[in-house]
Amino acid sequence: MQKILLTLILLLFFTACSSEEKEAKDLNSTTEASFTQGENYNFDLSLNDGTTLFIQVKDGKMQFDTQDKATLFIFFTTWCKPCISQVPHLNKLKEKYQDQLQIISILLEDKSPEDLAAFNAQNNLHYKIASGEGNYLFAKALGGINGIPTMFLYAKDGKLFKHYLGVVPVEMLEIDILEAI
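Throughout this description, residue numbers start from 1 for each chain and increase along the sequence as written. Two thresholds apply to this predicted model, a pLDDT of at least 70 for residue-level local features and 80 or more for giving and counting side-chain atom pairs, whereas whole-chain, interface and lining totals are computed over all residues. Only hydrogens and water are set aside; all other atoms, that is, all heavy atoms of the structure, feed into the side-chain values.

**Q** Go over the overall build of the chain with me, naming the residues and quoting the values.
**A** Along the backbone of the chain there are six helices and eight strands. Helix and strand labels come from DSSP, where a helix needs a run of H or I of at least four residues and a strand needs a run of E of at least two; each type is numbered from the N terminus. Counting from the amino terminus, the chain carries its helices and strands in the arrangement α-β-β-β-β-α-α-β-α-β-α-β-β-α. Burial analysis of the chain (181 residues in total) assigns 45% to the buried set. Here the contacts in the chain between residues at least 6 apart in sequence split such that 70% fall between residues at least 24 apart. When the accessible surface of the chain is summed, it comes to about 10,200 Å², and 52% of that surface belongs to carbon and sulfur atoms. The buried label goes to any residue with under 20% of its type's maximum accessible area, the exposed label to any with over 50%, and the partly exposed label to all in between, with areas taken from a 1.4 Å probe on protein chains only. Contacts were defined at the residue level, with two residues in contact if any of their heavy atoms lie within 4.5 Å. Residue-level accessible areas treat just the shown protein chains as cover; the underlying method is Shrake-Rupley with a 1.4 Å probe.

Spelled out as structure tokens, the structure:
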């Protein structure tokens, strides 16, 4: 009985929300901007603190201001239970590595600033949230998002270090963060 219970818990832990659970924009379909390999383009991510993060894709390489920190991008929705379950762990990592790590969550649904502020207050996120059309362009630039949560860890030099799909054990994530910083 304990083995069955443990197996079910582990299955739930390593599960990602699929797009079939809720209606969401199809990130693999054409948006306002359709990117082709080798094409150069720029866009901004609008952050909930009023700032923006400028993203440039040049010769197939993603460039953004890392602020000399490792950067963890988390693609999520407000209805995704596994996404929400990660918040306390990500808050602790953000606090522990505040001078070496920036965390930016990328919202993959359309929410008003008021709805987003209410979600943030309810779930106590200690890191930035990006919302708006730039999020969908970013997802497309990364090749599309097939499930959530999806995370991309970039080293402080701006190079992609690791890609994750689903909930990741905090210990594993921390080991990778230490290598990326």
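This is not the end of the story, as more comes after the structure.
**Q** Which residues make up the pattern of salt bridges, and what values go with them?
**A** Oppositely charged side chains may form a pair once their charged atoms are brought near each other. Note on definitions: salt bridges are taken to be side-chain nitrogens of Lys or Arg within 4 Å of carboxyl oxygens of Asp or Glu. Throughout the structure, instances matching the rule amount to three salt bridges. In this structure, Lys128 engages Asp49 in a salt bridge whose closest nitrogen and oxygen atoms are separated by 3.6 Å. Residue Lys128 is located in strand 6 (residues 128-131), and its partner Asp49 is located in the loop between strand 1 (41-47) and strand 2 (52-58); the two are separated by 79 residues in the primary sequence. Assessed through its relative accessible area of 27%, Lys128 is described here as partly exposed. Judged by its relative accessible area of 43%, Asp49 falls in the partly exposed class. Put simply, Lys96 and Glu174 hold a salt bridge, and the shortest N to O gap is 2.6 Å. In this pair, Lys96 sits in helix 3 (residues 87-96) while Glu174 sits in helix 6 (residues 170-180), placing the two residues 78 residues apart along the sequence.

**Q** Explain the packing of helix 3 against helix 6 to me, using residue names and the numbers behind them.
**A** Describing two packed helices takes the angle between their axes plus the distance from one axis to the other. Relative to each other, helix 3 and helix 6 sit at 30 degrees, their axes nearing to 11 Å. Classified by the angle their axes make, helix 3 and helix 6 are roughly parallel. Between helix 3 and helix 6 lies a crossing whose hand is right-handed. Across the interface between the two elements, His89, Leu90, Leu93 and Lys96 from helix 3 touch Val170, Leu173, Glu174 and Ile177 from helix 6. The classification used treats Ala, Val, Leu, Ile, Met, Phe, Trp, Tyr, Cys and Pro as nonpolar, Asp, Glu, Lys and Arg as charged, and all other residues, Gly among them, as polar. Its residues placed into classes, the contact of helix 3 with helix 6 shows five nonpolar, one polar and two charged. Only C-alpha atoms enter the line fits that serve as axes; for helices the fit covers just the stretch in contact. Angles between N-to-C directions range over 0 to 180 degrees. Here roughly perpendicular refers to angles of 65 to 115 degrees, roughly parallel to angles under 35, roughly antiparallel to angles over 145, and oblique to all remaining angles. A crossing counts as left-handed when the near helix is turned anticlockwise from the far one by less than a right angle, and as right-handed when that turn is clockwise.

**Q** Give a description of the pairing of strand 6 that names residues and reports values.
**A** Strand pairing is assigned whenever DSSP detects at least two bridges linking the two strands. Bridge analysis of strand 1 against strand 6 gives two bridges, and the strand direction is antiparallel. If you follow Leu47 over to strand 6, its bridge partner there is Ala130. As paired strands, strand 5 (residues 101-107) and strand 6 are joined by three bridges and run parallel to one another. Within the sheet, the bridge partner assigned to Ile106 lies in strand 6 and is Ala130. In this region the chain leaves strand 5, passes through helix 4 (residues 113-123) and returns to the parallel neighbour strand 6; the handedness of that crossover is right-handed. Seen with the strands pointing away from the viewer, any crossover whose path from the first strand over the helix to the second strand runs clockwise is right-handed.

**Q** Summarise the confidence of the model for the chain; cite the residues concerned and give the values.
**A** Regions with low pLDDT should not have their predicted coordinates read in detail. When the pLDDT values of the chain are averaged, the result is 82; 78% of them are 70 or greater. Between residues 3-14, whose pLDDT stays under 50, and residues either more than four places distant or in other chains, the model counts five contacts. Under a pLDDT of 50 for its full length, residues 18-35 has, in the predicted model, 31 contacts with residues more than four places off or in other chains. A score between 0 and 100, pLDDT records how confident the predictor is in each residue.

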